[in-house]
Amino acid sequence: MEILKFTSCQAEIAEFIGQAVAAYAAERLSMPTAFVNNIAWQTREQMFDADEIQVAWICGVPYVWKADRAAAIELLAAPVMAAKRYQGQPVYYSDIVVHSASRFQTFADLRNASWAYNEPHSHSGYHTVRFHLAQIGERSNYFGTVLESGAHQTTLQWLVDRQIDASAVDSTVLELAYERDPTLHQHLRVIGTLGPSPIPPWVIRRSVPLEMRHALRQLLLHMHEDQIGQAILARSQMACFVAVTDQDYDPIRQMLRAADGIIL
């Protein structure tokens, strides 16, 4: 393998994390790497599936779909976010966000409201909401209007502009957005939280030699122990990476089964 290719299928606001990790791996492991960007994340995922990209940061739902379909990939590690709400675990949340001036106070207030989700493969923006609807005994047509925004960041802008009433946003994306633009606090308000859920993992193709897979996994697991790794993690609002197993993503499988047939 001449070069190890990395990519991210996460929100664009988090893309710098994948770039930094790819560069860190190149330096620490003395091997050439590249970060694939400037193309749609859907194309990147297709390239990962075709073994044209070897390392990817993907949502938990696509992970379980891929893992259950074939043994072509394996888990590398998962991030633990630094904020106290994550309690040192590789989890994240779906925050229910509205405009700060809206009348909505709880999820129960959102019946017949206008709603947006980022895209239908997203756990935080789509499937966790379907699971919540199943839990409260709702099947379909809970919201008045439902739109697909294409990205959490687009959804946030729609909320600021009051083009929609509410949405479920990946908590890590929302926190990065607040850091980048603190004025968002003036326009947005969180009225509820779904989760926690297993956080999107880093995965690798099994076509990568075993020794290299092991070296990269160990690199991620020990990033927090050296100065450069600590700096990357701090910029990413992460505390560290930890080892995860396929069983750690069973809660997502269970949520998908429980939400079967639920339509937003």
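Above this note sits the structure.
Quick caveat: nothing in here was measured; it's all calculated off a predicted structure. (Residues numbered from 1 in each chain as written. Predicted model: local features only at pLDDT ≥ 70, side-chain atom pairs only at ≥ 80, totals over all residues. Heavy atoms only, no water.)

S.K.: It is not clear to me how the pairing of strand E10 (residues 202–205) should be interpreted in this structure. Could you clarify?
M.R.: Successive side chains on a regular strand alternate, one facing one side of the sheet and the next facing the other. Residues Trp202 and Ile204 point to one face of E10 and Val203 and Arg205 to the other, with burial holding for every one of them. Pairing of strand E3 (residues 55–57) with E10, which is carried by three bridges, proceeds in the antiparallel orientation. Within E10, the position partnered with Trp57 by the bridge is Trp202. Where strand E4 (residues 73–81) lies against E10, four bridges are found, and the strand directions are antiparallel. In the strand pairing of E10, Glu74 is matched with Ile204. (Buried < 20%, exposed > 50% of the residue type's maximum accessible area, 1.4 Å probe, protein only. Helix = DSSP H or I, 4+ residues; strand = E, 2+ residues; numbered from the N terminus. Pairing = 2+ DSSP bridges.)

S.K.: Explain the nonpolar core here, please?
M.R.: Soluble globular proteins tend to bury their nonpolar side chains together. Core analysis: the largest hydrophobic core is formed by 69 residues, its most contacted members being Phe6, Leu188, Leu216 and Tyr249. Beyond its immediate stretch of four places on either side in the chain, Tyr249 contacts Gly60, Tyr63, Val64, Leu75, Ala78, Pro198, Ile199, Pro200, Pro201 and Val244. Counting 20 residues, the second largest nonpolar core, distinct from the first, contains Phe107, Phe143, Ala168 and Ile191. (Core = buried A, V, L, I, M, F, W, Y, C linked by side-chain atoms within 4.5 Å. Contact = heavy atoms within 4.5 Å.)

S.K.: What's the story with the sheet that holds strand E7 (residues 145–148) in this structure? I'm lost.
M.R.: Sheet strands pair by backbone hydrogen bonding; their relative direction is either parallel or antiparallel. Sheet architecture is open: five strands sit in the order E7-E6-E8-E5-E9, paired in mixed fashion. Taken across any chain shown, the strands that pair with only one partner, and hence form the sheet edges, are E7 and strand E9 (188–198). Neighbour to neighbour, the strand axes of the sheet diverge by 25° on average, direction disregarded. When strand E6 (residues 114–117) meets E7, the two strands line up parallel, connected through four bridges. Residue pairing in the sheet places Ser114 in a bridge with Thr145 of E7. (Axes fitted to C-alpha atoms, helices over the stretch in contact; angles between N-to-C directions.)

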